[in-house]
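Overview (structure and organization)
Read off the chains here:
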Amino acid sequence: TSADTNHDPLTFLWDFGDGGKAQGSQAAHRYHNVGNYEAILFVSDNTGLRCSTNVDFISVRLNKAQKAEVGEDILACLGDEVVFDGSKSIVPIEGAVMAKWSFGDGTTRQGLNTKYRYNRAGTYETTLTLENLLNSQCPVSQDTRKVTVNSPPKVNIQGRDQECSGNKVFFDASSASDLDGDTLNYYWNFGDGS
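Residues numbered from 1 in each chain as written. Predicted model: local features only at pLDDT ≥ 70, side-chain atom pairs only at ≥ 80, totals over all residues. Heavy atoms only, no water.

1. Let's talk about the overall build of the protein chain
Let me state the cut-off plainly: Only runs of H or I of at least four residues qualify as helices and only runs of E of at least two qualify as strands under DSSP, and these elements are numbered from the N terminus. Computation of the radius of gyration draws on C-alpha atoms, with the globule rule given as 2.2 Å multiplied by the number of residues to the power 0.38. A simple rule labels every residue: compare its accessible area, found with a 1.4 Å probe on the protein chains alone, to the largest value its type can have, and call it buried under 20%, exposed over 50%, or partly exposed in between. In this analysis, two residues are considered to be in contact whenever any of their non-hydrogen atoms come within 4.5 Å of each other.
Counting secondary structure elements, the protein chain contains 0 helices and 13 strands. Order of helices (α) and strands (β) in the protein chain, N terminus to C terminus: β-β-β-β-β-β-β-β-β-β-β-β-β. Here the protein chain has a C-alpha radius of gyration of 33 Å; the compact-globule value for 194 residues is 16 Å, and the former is much larger. When the backbone C-alpha atoms are referred to their principal axes, the protein chain occupies close to 120 × 25 × 25 Å. The proportion of buried residues among the 194 residues of the protein chain is 25%. In the protein chain, of all internal contacts separated by at least 6 residues, the share reaching a separation of at least 24 is 52%.

In structure tokens:
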């Protein structure tokens, strides 16, 4: 709050420390580079006297914002250990960002890189969240990827286990099913090279 005890009209000149300047009792400025800046405010009552100007300053520390990057969608088998790699994320200062994975099934882990094993088939939206620990003004960054966990089909062969040589042996696997709803292909190997 700036005031003049003589009630003279005040003029305000801002120097933001990066070459940018503004006038007025309030100002907004967008810094384009990371760094430490001294923003200086010159206030004058325009009387021209030696005591007509006063100065105040504030230090502004600008960090580069973090950016989460999780890569492409993943297709895995039930029981596989899935690797989650956030190393392509932008982390300006090592140790200054908290990284947290949410695996889409209620489980979370911390760290840019981790592994996780899903215990149910399905499609999960996993999210990497990066939060700047040094500067709460930097927005939280998130990126998501889809992980599809496939389960193996269930198969049960019906057929006779004893038959005379030369007779046809019929096999039936029509009861096979897939929990994921995938279309099944059948390949038979009869044990005699055919």
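2. Concerning the sheet that holds strand β3 (residues 35–44)
We count it as follows: A pair of strands is treated as paired once DSSP finds two or more bridges between them. Where helices are involved, their axes are fitted lines through C-alpha atoms of the stretch in contact, as for all axes, and angles between N-to-C directions lie from 0 to 180°.
Reading across from one edge, β2-β1-β3-β4 is the order of the 4 strands in this open sheet, with antiparallel pairing throughout. In the strand order of this sheet, the two ends are held by β2 (21–23) and β4 (53–62), each with one partner. Neighbouring strand axes in the sheet, compared pairwise and without regard to direction, differ in orientation by 15 degrees on average. Looking at chain direction, strand β1 (residues 11–15) and β2 are connected through 3 bridges and run antiparallel. In the strand pairing of β2, tryptophan 14 is matched with alanine 22.

3. Things to note about the nonpolar core
Filter applied, for reference: The set of buried Ala, Val, Leu, Ile, Met, Phe, Trp, Tyr and Cys residues whose side-chain atoms join them within 4.5 Å is what this entry labels a nonpolar core.
The biggest cluster of nonpolar side chains holds 17 residues, and the ones touching the most others in it are Phe84, Tyr118 and Leu128. Elements supplying a minimum of two residues to this core: β5 (74–77), β6 (81–85), β7 (97–102), β10 (122–132) and β11 (141–150). Phe12, Trp14, Tyr31 and Ala39 belong to the second largest nonpolar core, which has 8 residues in total.

4. Points about a nonpolar patch on the surface
For clarity, the threshold we go by: Grouping into patches uses exposed residues only, defined as over 30% relative accessible area, and leaves out salt-bridged ones; the cut-off is 9 Å for like charges and 5 Å for nonpolar side chains (Val, Leu, Ile, Met, Phe, Trp, Tyr). Residue exposure ignores everything except the shown protein chains as possible cover, and the areas themselves are Shrake-Rupley values with a 1.4 Å probe. In the sections that follow, a salt bridge refers to a side-chain nitrogen of Lys or Arg positioned within 4 Å of a carboxyl oxygen of Asp or Glu.
Together, Val155, Ile157, Val169, Phe171, Tyr186, Trp188 and Phe190 line one region of the surface with nonpolar side chains, adding up to about 680 Å² of accessible area. For valine 155, a relative accessible area of 61% translates into the label exposed.

5. Overview of the packing of aromatic side chains
Geometry of an aromatic ring pair is reported as the spacing of the ring centres plus the angle between the planes. The condition that has to hold: Two rings from Phe, Tyr or Trp (for Trp, the six-membered ring) form a pair when their centres are within 6.5 Å of each other. A pair whose planes differ by under 30 degrees is stacked, one over 60 is edge-to-face, and the rest are tilted.
Per the stated rule, a full pass over the model turns up 10 aromatic pairs. Ring geometry for tyrosine 116 against tyrosine 118: centres 4.9 Å apart, planes inclined by 85 degrees, an arrangement best described as edge-to-face. With relative accessibility at 10%, the residue tyrosine 116 sits in the buried group. The class for tyrosine 118 is buried, based on a relative accessible area of 3%. Put simply, the rings of Phe84, Trp101, Phe103, Tyr116, Tyr118 and Tyr124 touch in pairs and so form one group of aromatic residues.

6. Comments concerning the sheet that holds β7
Two modes of strand pairing occur in sheets, parallel and antiparallel, and in both the strands are linked by backbone hydrogen bonds. Sheet architecture is open: 5 strands sit in the order β5-β11-β10-β7-β8, paired in mixed fashion. If you trace the sheet from one side to the other, it starts and ends with β5 and β8 (108–110), each paired once. Here the average twist between neighbouring strands, direction ignored, is 25 degrees. Pairing between β5 and β11: 4 bridges, direction parallel. Residue isoleucine 74 lies in a different strand from β11, and its bridge partner there is valine 147.

7. Structural notes on the environment of tryptophan 101
In plain terms, the rule: Whenever two N or O atoms come within 3.5 Å, that pair is a polar contact, provided that in protein one can donate a hydrogen and the other can accept it, and provided that, for residues adjacent in sequence, both atoms are side-chain atoms.
Position of tryptophan 101 among the secondary structure elements: in strand β7. Taking the relative accessible area as the measure of exposure, tryptophan 101 reaches 0% and is therefore buried. From its side chain, tryptophan 101 meets the backbone oxygen of glycine 111 in a polar contact 3.1 Å long.

8. Observations regarding the pairing of β3
Direction of pairing for β1 relative to β3: antiparallel, over a ladder of 5 bridges. Paired with tryptophan 14 across the strands is leucine 41, a residue of β3. Bridge count between β3 and β4: 10 bridges; the pairing is antiparallel. Bridge pairing in β4 links phenylalanine 42 to valine 55.

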